[in-house]
Amino acid sequence: MIFEIILTIALCLLMLAIMANLYRVIKGPSSADRVQALDSIGINLIGSIAVFSVLLHTHAFFDLILLIGILSFIGTVAFARFIERGVVIERKQ
């Protein structure tokens, strides 16, 4: 009983962190801050899904956690390359 209450509070706090990061994505003073906030949203989303999975006593969401982790990493690398070079994929002409 107390364990479910703690998990629910953790889930609410993670959702609050996602909302704060969403504000930083929209309002961010620089592109680097926006990229960092997007990466943090991905991490918080993975944590939220993991807590939700424990709350439901299921292993069904592990594939989703892995997929979000991979997509978050690829997105962060793509945004970082875009900030650094101005293009994501360089073409030789």
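Coordinates for the structure precede this section.
Rules of the game
- Residues numbered from 1 in each chain as written.
- Predicted model: local features only at pLDDT ≥ 70, side-chain atom pairs only at ≥ 80, totals over all residues.
- Heavy atoms only, no water.
- Helix = DSSP H or I, 4+ residues; strand = E, 2+ residues; numbered from the N terminus.
- Rg over C-alpha atoms; globule rule 2.2 N^0.38 Å.
- Buried < 20%, exposed > 50% of the residue type's maximum accessible area, 1.4 Å probe, protein only.
- Contact = heavy atoms within 4.5 Å.
- Areas by Shrake-Rupley, 256 points an atom, 1.4 Å probe, with all protein chains shown as cover.
- Expected span 1.5 Å × (residues − 1).
- Phe/Tyr/Trp six-rings, centres within 6.5 Å; stacked < 30°, edge-to-face > 60°.

Regarding its fold elements, the protein chain presents three helices and zero strands. Its helices and strands in sequence order give the protein chain the pattern α-α-α, from N to C terminus. Against the globule reference of 12 Å for 93 residues, the protein chain gives a C-alpha radius of gyration of 16 Å, more extended than a compact globule. Principal-axis analysis of the C-alpha atoms gives the protein chain an extent of 60 × 30 × 10 Å. Across the 93 residues in the protein chain, those meeting the buried criterion constitute 20%. Summarising the internal contacts of the protein chain: among those between residues at least 6 apart in sequence, 46% fall at separations of at least 24. Accessible area for the protein chain stands at about 6900 Å²; split by element, carbon and sulfur atoms hold 73% of it.

Okay, helix α2 (residues 31-56) next. In this model α2 runs 37 Å from its N-terminal to its C-terminal C-alpha over 26 residues, within 8% of the 38 Å that 1.5 Å per residue would give. Among all positions in α2, only V35, A37, I41, G42, N44, S48, I49, V51 and S53 are buried. In this structure, the buried residues of α2 make contact with α1 (2-27) and α3 (62-85). Of the residues flanking the end of α2, it is H57, one or two places downstream, whose phi is positive at about 55 degrees.

Take the packing of aromatic side chains next. The full count for this structure, using the stated rule, is one aromatic pair. Taking 5.8 Å as the distance between ring centres and 50 degrees as the angle between the ring planes, the aromatic pair formed by F52 and F61 counts as tilted. Its relative accessible area of 36% is what places F52 among the partly exposed residues.

The subject of this paragraph is α3. For α3, spanning 24 residues, the distance from its first C-alpha to its last is 35 Å, which sits close to the expected 34 Å at 1.5 Å a residue. Its buried side turned inward, α3 meets α2.

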